[in-house]
Every structure is written in structure tokens, then in C-alpha cells.
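Commentary on secondary and tertiary structure
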Amino acid sequence: MEQYAIWGVNPLVSEVEIGGAKNAALPILAAAIMTDETVIIDNLPDIKDINVLLTAMQNIGVFIERIDRHKVKINASRIHTTVVEGENIRKMRASYYFVGALLGKYKAADVALPGGCAIGNRAIDQHEKGFKALGAKIRYEHGSIIAEAIDLTSANIFMDVVSVGATINIMMAAVLAEGQTVIENAAKEPHVVDLANFLNSMGANIKGAGTDIIRVKGVTSLHGTEYTVIPDQIEAGTFMMAAAITKGDVTVKNVIPKHLECISAKLEEIGCEVMESDDAIRVVASKRLSGTQVKTMPYPGYPTDMQPQIAVTLGLSMGYTSIIKESIFENRFKYLDELRKMGGVVTVEGNIAIIEGVQEYQGASVTAPDLRAGAALVIAALAADGFSTVDQIQYIERGYEDFPEKLASLGGRIRKVTNPEELKKARLRAV
Ligand code: EPZ
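All figures in this text were calculated on a predicted structure; none of them were measured in a lab.

1. What to know about the overall build of the protein
When helices and strands are tallied, the protein shows 15 helices and 25 strands. Compactness check: the protein gives a C-alpha radius of gyration of 22 Å against a globular reference of 22 Å for 431 residues, within 12% of the reference. Evaluated residue by residue, the protein yields a buried proportion of 58% over its 431 residues. When contacts within the protein are restricted to residue pairs at least 6 apart in sequence, long-range pairs at least 24 apart make up 72% of them. Within the structure as shown, the protein displays about 16,400 Å² of accessible surface, and the carbon and sulfur contribution to it stands at 48%. A distance of 2 Å separates the average location of the 44 positive side-chain charges in the protein from that of its 52 negative side-chain charges.

2. As for the packing of aromatic side chains
Applying the stated criterion across every chain yields a total of 5 aromatic pairs. On the numbers, 5.8 Å between centres and 45° between planes, the contact of Trp7 with Phe387 is tilted. Within this pair, whereas Trp7 is found in strand β1 (residues 3-8), its partner Phe387 is found in strand β24 (residues 384-391), the two being separated by 380 residues in sequence. Both residues of the pair, Trp7 and Phe387, count as buried. Between Tyr96 and Tyr97, the aromatic rings sit 5.0 Å apart at their centres with planes inclined by 70°, giving edge-to-face as the arrangement. Judged on exposure class, the residue Tyr96 and its partner Tyr97 are both buried. Taken together, the aromatic side chains of Phe239, Tyr400 and Phe403 make up a single cluster linked through ring pairs.

3. Some thoughts on the site of the ligand
Taken together, 24 residues surround the ligand, and among them Asp125, Gln126, Ser163, Asp305 and Ile328 come closest. Gln126 is positioned such that a nitrogen or oxygen atom in its backbone is 2.7 Å from an oxygen atom of the ligand. Between Asp305 and the ligand, the recorded distance is 2.5 Å, taken from a side-chain N or O atom to an oxygen atom. The protein chains hide 90% of the 830 Å² of surface that the ligand would expose on its own. Breaking the shell around the ligand down by element, the ones donating at least two residues are α1 (22-31), α5 (125-133), α6 (164-175) and α12 (371-382).

4. Notes on helix α2 (residues 48-59)
With 12 residues, α2 should cover 16 Å at 1.5 Å per step; its first-to-last C-alpha distance of 16 Å lies within 8% of that length. All buried positions along α2 are accounted for by Asp49, Ile50, Leu53, Leu54, Ala56 and Met57. Down the axis of α2, the sector holding all buried residues measures 160°, keeping them to one side. Turning to α2, the residues buried within the fold contact α1, β4 (63-68), β5 (71-75), β6 (83-84), α3 (87-90) and α4 (97-106).

5. Observations regarding the pattern of salt bridges
Applying the stated criterion to the full structure yields 23 salt bridges. The shortest N-O distance in the salt bridge between Arg69 and Asp46 comes to 2.7 Å. Of the two residues, Arg69 sits in the loop between β4 and β5 while Asp46 sits in the loop between β3 (39-42) and α2, which places them 23 residues apart along the sequence. Residue class for Arg69 comes out partly exposed when judged on its relative accessible area of 38%. Notably, a salt bridge pairs Lys258 with Glu261, separated by 3.3 Å at the nearest N-O pair. When its relative accessible area of 52% is taken as the criterion, Lys258 is described as exposed. If you follow the salt bridges from partner to partner, you end up with Glu2, Lys48, Glu397 and Lys416 in one network.

What counts and what doesn't
- Residues numbered from 1 in each chain as written.
- Predicted model: local features only at pLDDT ≥ 70, side-chain atom pairs only at ≥ 80, totals over all residues.
- Heavy atoms only, no water.
- Helix = DSSP H or I, 4+ residues; strand = E, 2+ residues; numbered from the N terminus.
- Rg over C-alpha atoms; globule rule 2.2 N^0.38 Å.
- Buried < 20%, exposed > 50% of the residue type's maximum accessible area, 1.4 Å probe, protein only.
- Contact = heavy atoms within 4.5 Å.
- Areas by Shrake-Rupley, 256 points an atom, 1.4 Å probe, with all protein chains shown as cover.
- Lys, Arg positive; Asp, Glu negative; His and termini not counted.
- Charge placed at Lys NZ, Arg CZ, Asp CG, Glu CD.
- Phe/Tyr/Trp six-rings, centres within 6.5 Å; stacked < 30°, edge-to-face > 60°.
- Near = heavy atom within 4 Å.
- Polar contact = N/O pair within 3.5 Å; in protein donor to acceptor, adjacent residues only side chain to side chain.
- Expected span 1.5 Å × (residues − 1).
- Arc of directions from axis to C-beta.
- Salt bridge = Lys/Arg side-chain N within 4 Å of Asp/Glu carboxyl O.

What follows is the structure in C-alpha cells.
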């Protein structure tokens, strides 16, 4: 019964160090197996998704040495199978990155089909389309995707939807294909660029990552490298929103402000002060928050992974009506039922949420339905009057390192409880 026990309301104040980006680190780890030489990766977040991926790599024969909590040494010269399976790997979306990596290197992959957060249909047809265009045959058996090719040859691939995962997967496979592959309508997210930079540091020839046309000139092999993962845009954004919702003053450190521009802009629009320096952003929320409209979009638009955090914040824009349009995933408003338990006034019509700002939330027992919504409910609880619990925190731990500890270091009254006795004590302390 692991839960977060939370007491509101304390403004969050001070500085917090942001870790490496989960969604960059996952494909980078998978891509690290594409060379037989040693790769060192730094600034890895110490979170469940990363640890599951590392274990899956060990299971196929990859040597992994943890140099420290955030740095690993990887050598994939002794991979003995291209079959990646296991209960944990099935629960995560990023398992599919092994398809691109193994197909590129060994021209064969048999990978357990992805799970991940239940936020929508999450098709993989664009991945399949890309692999097939490169010459692979794809089939599905025993709950896995099996990709095989005699040779991979370059192709011009136009993505029907902008997909982070498909762009990354095709890029990985194309790196060791013959000729120049062109990916059009590619995703432009910072983690797509980070993976391209990582692969280039291994000797790949990728141009255009960060624009919607990526050109990959195939090379015959990749070599070892040492690489540092970019900071996590969404972790940083979550703490920025936590500052806003608790009327606090928080500086997120070790960030790339450019990656956070659309979040900073929304915060300014609703009445926060946002101050940028080279690698930090300070958010001060001293005025009453106002409402706004948000539409989630592929980068550089407002990220879907920051939709729940801004929704709970707008829920406290007393006297304003805000509109949120979710245009990436069709099922990403489930947490609003939980927010209603805290007194949030929200209506959902299809992919649009209408939020009527209230004066305050009240503490409640809520359940995290997925990673980002879970984090949003935590920050809502920090801004709620009284005592709250958030359960199903395994979702949150998939993507946030030391989340309660970092929030507590900013003055948030939150702690993880693991049994009824601890919960009882936590509840009593609230009175
Ligand atoms: C990545 O998921 C992230 N996951 C998600 O982060 C993030 O929400 C998402 O990108 C959007 O930014 C990882 O990086 C591991 P997509 P991904 O392919 O790659 C449709 C988090 O909280 N689509 O960009 O799976 C799809 O259904 C997680 O950290 C197809 O139709 O997302 C969706 O509507 C949650 N066919 C849209 O494209 C395909 O073949 C974008 O999905 C692929 C996708």
C-alpha cells in the first residue's frame, strides 16, 4: 500500500535540481547496444522505467556497470539473443526502442509489445510502416513484434502522424541501413534531437533532427562514446507548475530554458513571473492566477505530458473558465474525476476539458491513473486545504526521481508511507 501522504497548503520555495530526461534516456540506452564498443552514459535519471530497461538489456547479454547513481557503462559485444521479453518490459512503452536498435544492428528483433501509461490507443503502425520501408518484414506472434530483414536499405518515409516513438525507432534502424533515409513530418521533441546527437557521437550521420525532415546517411558500424543526457523538460515543467499552484517561488536548476518556452509562456499568461538564466528558471507566483486556453501539440507546442499539471493549476484560477484541448492522446482526462474529489469543477466533452476555477481544493484520497496525471494530483494535493493521499504511486515513480523528497526540500509537506501505521501517524500529524 505505498502512497504519498500530503498536507496542504505550503508555498513551495527555494531551488530544485532537475535530473536527466526520461524520454531521452530510454532510447539512448536502447541505442547504446548498437555498437560492440563501450558506451558511457551520464545524467541518467534513477527511476523505474530506466531500471527496467537496464535489466532487460542485461537479460539479453549486455554488460552494465553502474559507475554511480546517474552514470552507467555499457558494453553490448556479447548479446546472445534478439528476443526481449519479461513481465516488466511488457508494462513499458519504451520497450519498442529495442526493435529499432536490434533490427539496425542484427537485422532481427523479437520484442514484447509495449504497455506504458493507459492514456489512449497508442498505435505503432507508423513504426511498422518505417521498418517495412527500410526492407524489414514485420509480424506479431505470442504478444511480441518480430522484425526481420536480410538487409536494410534506405527509404523516403512520410509519417502520417507526428510520432516521437516512430521517429526515434526509424532513425535508429536507418543509421545502419544502406544509403540515405529521409523521414518527413518527423517529431521535433528535444529527446529526438538528443538521441540524434548521441548516435552521431557514435559515428552515425544524422542531419535535421529538431526539424520536420531528418536525413540519415547509413554507416557500416558505430563506435563507443561518452554522452550526457539532456535535462528533463517535463520534470522541470512539473516543478514550475508546482510553484504556480502553491503560490510559491521556485527555481528549477540544470534545465535548458529553450525547451521550456511554451510552459514559461503559459505561466506568464496566467499571472506568474518567470525569470530565465542560462540553465535555470525561476517561477514566482505572488498574484492571483487567471485562466487561459491550452491546446496540446507536438514540440514546440504545449506538451501533452504537461497537460494534467496545468489543468490542476487552472482549477484554482478563481472566477475564470479555462479550456484545455488534448490533441495527442484521446484518453488523457481520467484524472479529472480524481480532481473533482478535491473540489475541482470540471466538465469533459470529448477531448476538451472545461475548468471553472475555484478558491481552493480540499484534501482527499485520490488515485494516480498514470504518470503525469499522478504528478499533477500530487501538486494539487500540496495546494489543497487539509490532508490527502495519492495511491498507485508506482506510476509516478516510473518517471520522477525522488519526487516527494524534492518537493519536501522546497517546503512541501509530503512523504511516502508504506503501511497503515505510517499512514495513521501521517494523518494525525495533520490535525
Ligand atoms: C512519447 O510517447 C512519450 N513516451 C510520451 O511520454 C509522450 O506523451 C508522447 O511521446 C508525446 O509527446 C516516451 O518517450 C517513452 P507518440 P510515444 O508516438 O512515442 C499516435 C510520459 O508521460 N501514433 O509521439 O508513444 C499516438 O497514438 C509519456 O513520459 C500513431 O497513431 O508517443 C498518439 O496519438 C506518456 N501511430 C500520437 O501519435 C504510431 O505508430 C503521438 O504518439 C505512433 C503514434
